[in-house]
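Observations on chain architecture
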Amino acid sequence: LKLNYTGEWYSYGFSPALQSAGGDLISRPSFDAARGALNGPAAVRAMTAIQSWFSNERVDPNLDDAAFTTGRVALSWAGHWEFERYREKWGNDLVVLPLPDFGTGSHSGQGSWVWGIAQNSAHPKAAARFISFLLQKDEVLRMTSVNGAVPATRSAVAASRRYGPQGPLRLFADQLTSGVTVPRPETPAYPVISSVFEQAFHDIRNGADVQQTLDRAAAIIDRDIADNQGYPWLERP
């Protein structure tokens, strides 16, 4: 489960389990409360299932980041960035699979680094030209050939040797276009959401009561939202 990672991995990697069960990190599309989403019955079921993997000793902590490459485990819950390293080890025996179905169908994360132009930029037109350059198919492919990410345009996906129609990572592109993926919450509260969920995951992993842990996490997130008057400057969808 890549527990050698810290930070953003936990929201990116494991909130799809909540969403697959019917829960979430926060209510959508209002983004106004975590209570009922993060600590509701569906989320509790998902995290209880994950906790059982630990209590039944089915998880390798992977602190040396070698559990999969040395063959200690047969499954690695990871992202596309690991593909080349894993393929170098296992060759054609490597199989890319969707995440487990916790009740409402398999889900996975989405979203990576993005480009934007600051409102007070002194050179917005030049910045726009630069971004337009980066969005050309060949430039998208140049970037993603290095970082391993899914190309962010359909034309680049179609031309990609990894993500194109016959590519070994086609599953990722298909999930993006079929609605299987779920973006992380688009709210100023997200840094709090992410850090709180990471701590909750670790507590649950170590045997804490699932319901109480998620109740506490939801309360912290909702307090942040309340302290910021609901983030009224956030444009709602």
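Here, every reference points to the structure presented above.
All chains considered together, the criterion is met by 13 salt bridges. When the shortest N-O distance is used, the salt bridge between E8 and R184 registers 2.9 Å. Highlighted residues: E8 in the segment before α1 (9–21) and R184 in the loop between β2 (181–183) and α8 (190–205), separated in sequence by 176 residues. A relative accessible area of 31% means that E8 is categorised as partly exposed. One salt bridge connects E139 with R142, and the closest N-O pair in it is separated by 3.4 Å. Linking E139 with R142, this pair stays in helix α5 (residues 137–147), spanning three residues, or about one helical turn. Overall, E139 belongs to the buried group, its relative accessible area being 17%. Relative accessible area serves as the criterion here: at 55%, R142 is assigned to the exposed category. Beyond isolated ion pairs, a larger network of salt bridges with shared partners links K2, D65, E82 and R85.

Mapped onto the elements, Q51 comes out in helix α2 (residues 41–55). Residue classification places Q51 among the buried positions, given a relative accessible area of 17%. A polar side-chain atom of Q51 sits 2.9 Å from the main-chain carbonyl oxygen of I204. Here A208 takes part through its backbone oxygen, which lies 2.8 Å from a polar atom of the side chain of Q51. Ignoring sequence-local partners within four residues, the contact set of Q51 consists of I204, G207, A208 and V210.

Turning to the environment of V114, a few remarks are in order. Inspection of the secondary structure assignment puts V114 in the loop between β1 (108–110) and α4 (124–134). Along the chain, V114 and P98 lie 16 residues apart, while their C-alpha atoms are 25 Å from each other.

So, on to a nonpolar patch on the surface. A surface patch of nonpolar side chains, about 450 Å² in accessible area, is lined by W115, F130, F133 and M143. Among the secondary structure elements, W115 is positioned in the loop between β1 and α4. On the accessibility criterion, W115 (56% relative accessible area) is exposed.

Here the focus is the nonpolar core. By size, the foremost hydrophobic cluster in this structure holds 40 residues, and its most contacted members are F14, L18, L38, M47, F197, F201 and L214. When residues of this core are traced back to their parent elements, those giving at least two are α1, α2, α8 and α9 (210–227). Those residues in contact with F201 that sit more than four places away from it in its chain are L3, Y10, F14, M47, I50 and F54. F68, F83, V157 and F172 belong to the second-largest nonpolar core, a separate cluster that totals ten residues.

On to α2, then. Given a rise of 1.5 Å per residue, 15 residues ought to cover 21 Å, and the 20 Å separating the end C-alpha atoms of α2 matches this to within 8%. Turning to α2, its buried residues are A42, A43, V44, A46, M47, I50, Q51 and F54. In this structure, the buried side of α2 is in contact with α1, α8 and α9.

Each value, and the rule that gives it
- Residues numbered from 1 in each chain as written.
- Predicted model: local features only at pLDDT ≥ 70, side-chain atom pairs only at ≥ 80, totals over all residues.
- Heavy atoms only, no water.
- Salt bridge = Lys/Arg side-chain N within 4 Å of Asp/Glu carboxyl O.
- Helix = DSSP H or I, 4+ residues; strand = E, 2+ residues; numbered from the N terminus.
- Buried < 20%, exposed > 50% of the residue type's maximum accessible area, 1.4 Å probe, protein only.
- Polar contact = N/O pair within 3.5 Å; in protein donor to acceptor, adjacent residues only side chain to side chain.
- Contact = heavy atoms within 4.5 Å.
- Patch = residues over 30% accessible without salt bridge, like charges linked within 9 Å, V, L, I, M, F, W, Y side chains within 5 Å.
- Areas by Shrake-Rupley, 256 points an atom, 1.4 Å probe, with all protein chains shown as cover.
- Core = buried A, V, L, I, M, F, W, Y, C linked by side-chain atoms within 4.5 Å.
- Expected span 1.5 Å × (residues − 1).

Fair warning: the whole summary comes from geometry, so function is off the table for now.
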